[in-house]
Amino acid sequence: MEEVLRAEHISKRFPGVLAVDDVSFSLNRGEILALIGENGAGKSTLSLILSGIHKPDSGSIFLEGKKISFNAPVDAIHAGIAMVFQELSLVGSLSVAENIFANRQPVGVGGKIRWDELYKRTKEFLGRFDLDLNPRLQVKFLSMGQQQILEILKAISINPKVLILDEPTSSLAESEVAYLFENIRKLQKQGISIIYITHKLSEVFRIADRVIVMRDGKHVGTCPVSEVTENDLVSMMVGRKITSLYGDVAKTDGEEYFKVQRFSRRGAFHDVSFSLKKGEILGFFGLVGAGRSELARAIVGAFPKDSGNVFLDGREVFIKNPSDAIHQGIAYLTEDRKGDGLYLGMSVKDNLVAPSLPRFLKYKSFLDFRRIEEFSQKSVQEFSIVTPSLNKKISNLSGGNQQKCLIAMWMGTNPKVVLFDEPTRGVDVGARAEIYHKLREMASTGVGVVMISSDLPELIGMCDRIIVMHHGHITGELKRGEFSEERIMAYAAGITPRENIPQEVTYG
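Residues numbered from 1 in each chain as written. Predicted model: local features only at pLDDT ≥ 70, side-chain atom pairs only at ≥ 80, totals over all residues. Heavy atoms only, no water.

A.B. asks: Give me the overall build of the protein chain: which residues, what numbers.
C.D. replies: Counting secondary structure elements, the protein chain contains 17 helices and 22 strands. A compact globule built from 508 residues would reach a C-alpha radius of gyration of about 23 Å, and the protein chain, at 24 Å, matches this within 12%. Judged by the C-alpha coordinates and their principal axes, the protein chain covers about 70 × 55 × 50 Å. When each of the 508 residues of the protein chain is scored for burial, the buried share is 53%. Contacts in the protein chain between residues at least 24 apart in sequence constitute 64% of all its contacts with a sequence separation of at least 6. Accessible surface, the protein chain: about 22,800 Å² in total, of which carbon and sulfur atoms supply 50%. Each charge sign in the protein chain was given a centre, from 63 positive and 62 negative side chains, and these centres are 4 Å apart. (Helix = DSSP H or I, 4+ residues; strand = E, 2+ residues; numbered from the N terminus. Rg over C-alpha atoms; globule rule 2.2 N^0.38 Å. Buried < 20%, exposed > 50% of the residue type's maximum accessible area, 1.4 Å probe, protein only. Contact = heavy atoms within 4.5 Å. Areas by Shrake-Rupley, 256 points an atom, 1.4 Å probe, with all protein chains shown as cover. Lys, Arg positive; Asp, Glu negative; His and termini not counted. Charge placed at Lys NZ, Arg CZ, Asp CG, Glu CD.)

The following block contains the structure:
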């Protein structure tokens, strides 16, 4: 195959850390190369070097056989290397057309934008990918999934030779993932080469030709996807064997102690009822618009409801706001840890105690800083949070350690019920295993766990029951022995599944 990109002996050091250590690899024309590794493995730094954001300390990059170097990201773009970041760069107040062709709009006399031509060109471009969007629509009115796909199309619009995708499915539902993969394959057929960075190992086997594994800044190995298993990749990534990613399923005592009855909110969810047993892990699955997150937020008083009741320990509890939920022992962990979950400008210690500050008062109005220090240190150890200091800004931690902080801070409220919304989004496999272990540990102490996730293998591997929603309604409920991806997806699409679908699917 024709080689389009080659990196030789790339190294990059930051104060106190060798982020990329003598890494070499190649990328062929029309190839999809998955790049995987734990948080801190050096994936992001390597991709930022390839896209012109960082300059390597040593090493060389060759594009189509020619040695290249970049002084700025625009140099990489002009050379034919485009990168789509996990954090979206779209401008919500501008239209779809303005975002796609930013700084490249067709102009006429006096530099005035030719709007009709811009919208026509955008319509034609979107049509190439079977995307029916109004070019005039402001981006802020699109769903997160639509925005993610638009971000990718924006990068494609410059006709790159190499496209780097960083966690492109982190905010997509399964139907949108399928659409994305379909279009990635279209790009592959057009000869575009793709470096695909992901934490979801199942995606490696769905989309990639080869996979490159990094650990601690080093290139551990590159393999054809057809010649490795998921366990092989996990072992390469973490440097040890993880025998059971999801842990062992424990038996619940069967005592029902948390109940949600007839929850409704016009346009979001309707007449939703479910119950939870002590120590049970209950999963919620659904496609975009199913209403899962809205339901969870309504339960804890962060989203308005029109009607519905909550019962805990056999008595009705009244929740008007999240503070009431915390007081009653009900915690909600948001899917958006950076936007809604953490105080990014504050320290690890400040975040860990934020939801439970009343616990640390002395004389009713003064904080006991010694107890705060002790609690924070214990939480860091208990949840295996990697941080050089309790006073480190939480924004400087990796995604996996931020997520573990989010879990630790809410466990500090001593909840009876925890609602986790996308608990491992953007988290590497090593941190996932630790988070799954903590969820199992919580459940073993009698805490009821509700797990909202778009990751089907995660739900199937972790849950005792799975409830499936479609357009605000519950369409199915499955016990562990009835799990199968096809059946769950059928319920999520509002279809009654066939009776002859294979029964149990397990992940370990």
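Read on, since the account is not over.
A.B. asks: Describe in detail the nonpolar core, supporting the description with residues and values.
C.D. replies: Soluble globular proteins tend to bury their nonpolar side chains together. Counting 100 residues, the largest nonpolar core has Leu163, Ile184, Ile194, Val211, Leu233, Phe420 and Ile466 as the members making the most contacts within it. Apart from the residues lying within four places of it in its own chain, the contact partners of Val211 are Leu33, Ala34, Ile36, Val204, Gly221, Thr222, Cys223, Val225, Val228 and Leu233. Residues Val272, Val310, Ile319 and Leu419 belong to the second largest nonpolar core, which totals 30 residues. (Core = buried A, V, L, I, M, F, W, Y, C linked by side-chain atoms within 4.5 Å.)

A.B. asks: An account of the environment of Leu367 is needed here, citing residue identities and associated values.
C.D. replies: Tracing the sequence through the fold places Leu367 in strand 18 (residues 366-367). The partly exposed category is assigned to Leu367, whose relative accessible area is 29%. Between the alpha carbons of Leu367 and Leu357 there is a distance of 8.0 Å; along the sequence they are ten residues apart. Aside from chain neighbours lying at most four places away, what touches Leu367 is Leu357, Phe360, Leu361, Lys362 and Ile372.

A.B. asks: Could you give an account of the pairing of strand 7 (residues 162-166), naming the residues involved and the relevant values?
C.D. replies: The buried fraction of strand 7 amounts to five of the five residues, a majority that puts the element mostly inside the structure. Burial along strand 7 is two-sided: the residues Val162, Ile164 and Asp166 and Leu163 and Leu165 are all buried. Examined bridge by bridge, strand 7 and strand 8 (residues 193-197) share five bridges and lie parallel to one another. The residue of strand 8 that forms the bridge with Asp166 is Ile197. Taking the sense of rotation as the criterion, the β-α-β connection linking strand 7, helix 6 (residues 174-189) and strand 8 turns out right-handed. (Pairing = 2+ DSSP bridges. Right-handed = clockwise from strand over helix to strand, strands pointing away.)

A.B. asks: Give a description of the pattern of salt bridges that names residues and reports values.
C.D. replies: Opposite charge on two side chains lets them pair, provided their charged atoms get close. A complete count under the given rule lists 27 salt bridges for this structure. Where Glu280 meets Arg465, a salt bridge forms, and the shortest distance between an N and an O atom there is 2.6 Å. On the criterion of sequence distance, the pair formed by Glu280 in the loop between strand 12 (269-277) and strand 13 (281-286) and Arg465 in strand 21 (residues 465-470) is long-range, its members being 185 residues apart. Across the pair, exposure class does not vary: Glu280 and Arg465 are buried alike. A salt bridge links Arg370 to Glu374; its shortest N-O distance comes to 2.8 Å. Of this pair, Arg370 and Glu374 both sit in helix 13 (residues 369-382), separated by four residues, roughly a single helical turn. Given a relative accessible area of 53%, Arg370 falls into the exposed group. Taken together, the salt bridges that share partners define one network made up of Glu2, Arg29, Glu64 and Lys161. (Salt bridge = Lys/Arg side-chain N within 4 Å of Asp/Glu carboxyl O.)

So, to be careful, I would describe these as geometric facts and stop short of saying anything about function.
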